[in-house]
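Observations on chain architecture
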Amino acid sequence: MNLFSYIEWRGDLPMSTVPLCPMDALILCRLAYCPMEGAVPAGFDGRVKLRDAAKAILASPQGRRFLLENDKQLLEELSEHERFAQLEMCGYCRSTDAAAEKQFSAVTVFLGDGRLFIAYRGTDATLVGWKEDFNMSFCRVPSQLEAVHYLKAAALPGHRLVCAGHSKGGNLAVYAAAFSGKRLKNRIDSVYDFDGPGFIKEITADAQYLEIAPRIHKFVPQSSVIGRLLAAGEKSVAVMSDERGLRQHDLYSWRVVPPGEMERAESLNLEFVGNMLNDWISGMDIEERKSFFDTCYMVLSSSDAVTLSELSGRKSVMKMLRTLKQTDPETRRLILRGFALLTRSAREHLPAALRREQNIQAEQSEESKEHAAACAYGCTCAAEEIDGAAGSTADKK
């Protein structure tokens, strides 16, 4: 069962009858990934119903790039179910600025209960988008600042607010809510962060962040990696996923149980990668992080690739190697030190991760044996009851 199952279960009940829940927030966050240019107003004066926007987007797919094929199905399903089809949208914004190393997108949804839902989307497949993610490890980034400006523009008078996002969008939702100003912050009911990376200490120690922290609801898959980066001390709810490892970041893989809740996991069970990356990052000071990621981005950009998938071509690889060869010795030393720290961190955390995985497998094996024994016992008892009943019937005859 996944979010499509939830849409089937709750699709006939409007938000005014059954208020927004975490599953609704998850769905609306994914909606922000859809290409809405020309279908949803860029400003906040006009509005369009989700049903009409979805039809316009699906009717003219030329030039529209969906990150995932499931996004098309999501639009179709939402447009056919009353709970979502009647929701109105506005303020669609999407921008990428390579020079500023910024990738940003957001949309505003009227929930029909007097509240506005501000959805920030996560990183796309561009190098610029991923570079901005890495920049979060040492500074505030342009998208965070734009997220604040967007929230202030979207916060129409007379409405309570809900901020939310998936991946980097979760980080932006939290940042915007925290640094939007006291008057606006008082109108925010809740903030949903779905597997978003955390923040540098300068931000988490800020009084403005601490004020919004009790209203943050963070959900991560049980083997979360992205959502655990820079997330020391953050409270989160672990949920089950049908995927493994990094693929669990895909929210379409998150499990849902009746009557429409994300299936809870007992704990985060793949701490190795998150701990390794956090230790790796903390092993470099702020300036070292900046220099390392700037240099890596320079090498990757020399390939002329725009998206991550374009990096694998032979020409791209040759260009990157040529650029790396031409860098000065100090820069090469910096890159080698960064990867050396990553290797050391992996060596330190791998043994504990392997032991944990072995313990989990042993526990699962023991549970399987107990379940099999219980089933065998049950079958034996059932057979004896049937034999006994048959014997009793024969005696009567």
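First, a word on what this report is: a plain description of the structure on this page. This one's a predicted model, so the numbers in the text were calculated from it and none came from an experiment. Positions within a chain are numbered from 1, following the residues in the order the chain's sequence is written. Thresholds applied to this predicted model are a pLDDT of at least 70 for local features of residues and 80 or more for the giving and counting of side-chain atom pairs; totals over whole chains, interfaces and linings are not thresholded and use all residues. Excluding hydrogens and water, the side-chain figures rest on all heavy atoms present in the structure.

Quick notes on the overall build of the protein
How we decide: Comment: elements are numbered from the N terminus, with helices defined as DSSP H or I runs of at least four residues and strands as E runs of at least two. Residues are treated as being in contact if the distance between any of their heavy atoms lies within 4.5 Å. Method for areas: the Shrake-Rupley scheme with a 1.4 Å probe, in which residue coverage is limited to the protein chains shown.
A tally of regular secondary structure across the protein gives 15 helices and 10 strands. Nonlocal contacts in the protein, meaning residues at least 24 apart in sequence, comprise 73% of its contacts between residues at least 6 apart. As presented, the protein carries roughly 19500 Å² of accessible surface, and 55% of it is formed by carbon and sulfur atoms.

What about helix α2 (residues 22-31)?
Inclusion rule: Exposure categories follow from relative accessible area, calculated using a 1.4 Å probe and restricted to protein chains: below 20% of the type maximum is buried, above 50% is exposed, and the middle band is partly exposed.
In terms of burial, α2 is a largely internal element, 9 of the 10 residues being buried. Of all the residues in α2, the buried ones are M23, D24, A25, L26, I27, L28, C29, R30 and L31.

Section: the side chain of D193
Counted only if it meets this: Whenever two N or O atoms come within 3.5 Å, that pair is a polar contact, provided that in protein one can donate a hydrogen and the other can accept it, and provided that, for residues adjacent in sequence, both atoms are side-chain atoms.
Mapping D193 onto the fold places it in strand β6 (residues 188-194). Owing to a relative accessible area of 2%, D193 belongs among the buried residues under this scheme. Within polar-contact distance, the side chain of D193 engages the backbone nitrogen of G196 at 3.0 Å.

Let's talk about the environment of K49
Note that K49 resides in strand β1 (residues 48-49). Take K49: its relative accessible area is 34%, and that puts it in the partly exposed class. Sequence-wise, K49 and M89 are 40 residues apart; in three dimensions their C-alpha atoms are separated by 6.2 Å. In this view, K49 contacts A85, Q86, L87 and E88; residues no more than four positions away in its chain are not counted.

Some words on the pairing of strand β4 (residues 115-120)
For clarity, the cut-off: Whether two strands pair comes down to DSSP finding at least two bridges between them.
β4 sits mainly inside the fold: 6 of its 6 residues count as buried. On β4, burial covers both faces: R115, F117 and A119 on one face and L116, I118 and Y120 on the other are all buried. Bridge count between strand β3 (residues 102-110) and β4: 5 bridges; the pairing is antiparallel. By the bridge assignment, V107 is partnered in β4 with A119. Examined bridge by bridge, β4 and strand β5 (residues 160-166) share 6 bridges and lie parallel to one another. Counterpart to Y120 in the pairing with β5 is G165.

Digging into the packing of aromatic side chains
Rules: Note on ring pairs: Phe, Tyr and Trp rings are taken, using the six-membered ring of Trp, and paired if centres are within 6.5 Å. Classes follow the plane angle, with under 30 degrees stacked, over 60 edge-to-face and the rest tilted. By the criterion adopted, a ring carries a charge over it if an Arg CZ or a Lys NZ lies within 6 Å of its centre and within 35 degrees of its normal.
Enumeration according to the criterion identifies 11 aromatic pairs in this entry. Ring plane angle 15° and centroid distance 5.6 Å describe the contact between F4 and Y252, whose orientation is recorded as stacked. Here the residue F4 occupies a position in helix α1 (residues 3-10), and Y252 occupies one in the loop between β8 (237-239) and β9 (256-257), the gap between them amounting to 248 residues. Using a relative accessible area of 5% as the deciding quantity, one classes Y252 as buried. When the ring centre of F110 is taken as reference, the NZ or CZ atom of R47 above it lies at 3.8 Å.

A word on the packing of α1 against α2
Going by this rule: A fitted line through C-alpha atoms serves as each axis, taken over the contacting stretch for helices, and the angle formed by two N-to-C directions is quoted from 0 to 180°. Note on angle classes: values under 35 degrees are labelled roughly parallel, values over 145 roughly antiparallel, values of 65 to 115 roughly perpendicular, and the remainder oblique. By convention the crossing between two helices is left-handed if the near helix lies anticlockwise of the far one by an angle smaller than a right angle, and right-handed if it lies clockwise. By the convention adopted, Pro, Cys, Tyr, Trp, Phe, Met, Ile, Leu, Val and Ala count as nonpolar, Lys, Arg, Asp and Glu as charged, and the other residues, Gly among them, as polar.
Two numbers describe how α1 lies on α2: the axes approach to 11 Å, and their chain directions differ by 120°. As summarised for this structure, α1 and α2 are arranged oblique, according to the angle between their axes. Crossing geometry of α1 relative to α2 is assigned as left-handed. When α1 is examined against α2, the residues L3, Y6 and I7 are found in contact with a partner set consisting of M23, D24 and I27. For the contact of α1 with α2, the residue count by class is 5 nonpolar, no polar and 1 charged.

Examining a nonpolar patch on the surface
For the record, the criterion: Put simply, a patch holds well-exposed residues, over 30% relative accessible area, that have no salt bridge, with like charges counted together within 9 Å and Val, Leu, Ile, Met, Phe, Trp or Tyr side chains within 5 Å. We define a salt bridge as a side-chain nitrogen of Lys or Arg found within 4 Å of a carboxyl oxygen belonging to Asp or Glu.
Side chains of V317, M318 and L321 sit close together on the surface and give an oily, nonpolar patch of about 240 Å² of accessible area. Tracing the sequence through the fold places M318 in helix α14 (residues 314-326).

Looking at the pairing of strand β7 (residues 216-221)
Within β7, 5 of the 6 residues are buried, leaving the element largely enclosed by the surrounding structure. The pairing of β7 with β8 spans 3 bridges and is classified as parallel. When the bridges of β8 are listed, P221 appears paired with V239.

What to know about the pattern of salt bridges
Following the criterion strictly, the structure yields 18 salt bridges and no others. Among the ionic pairs, E101 bridges to K131, the shortest N-O distance being 3.0 Å. Separated by 30 residues along the polypeptide, E101 in the loop between β2 (88-97) and β3 and K131 in helix α6 (residues 127-135) bring together distant segments of the chain. With respect to class, E101 is no different from K131; both count as buried.

Notes on the nonpolar core
Operational definition: Think of a nonpolar core as a cluster: buried Ala, Val, Leu, Ile, Met, Phe, Trp, Tyr and Cys residues, connected wherever their side-chain atoms sit within 4.5 Å.
Judged by nonpolar contacts, the single largest core of 48 residues is most densely connected at F84 and F117. Examining the composition of this core, we find that 7 residues originate from one element, α2, more than from any other. With residues up to four places along the chain from it excluded, the contact list for F117 reads L20, A25, L28, C29, V107, T108, V109, L111, V162 and A164. I118, A173, Y175 and A178 belong to the second-largest nonpolar core, a separate cluster that totals 36 residues.

Focus: unusual backbone geometry
In most cases, non-glycine residues show a negative phi, while peptide bonds are predominantly trans. The phi dihedral of E101 falls on the positive side, at around 55°, and the residue is not glycine. Within the chain, D195 stands out as a residue other than glycine whose phi angle is a positive 55°. Counting through the fold element by element, D195 comes out in the loop between β6 and α10 (201-204). By relative accessible area, D195 is classed as buried at 1%.

No statement about biological role is implied by the geometric values presented.
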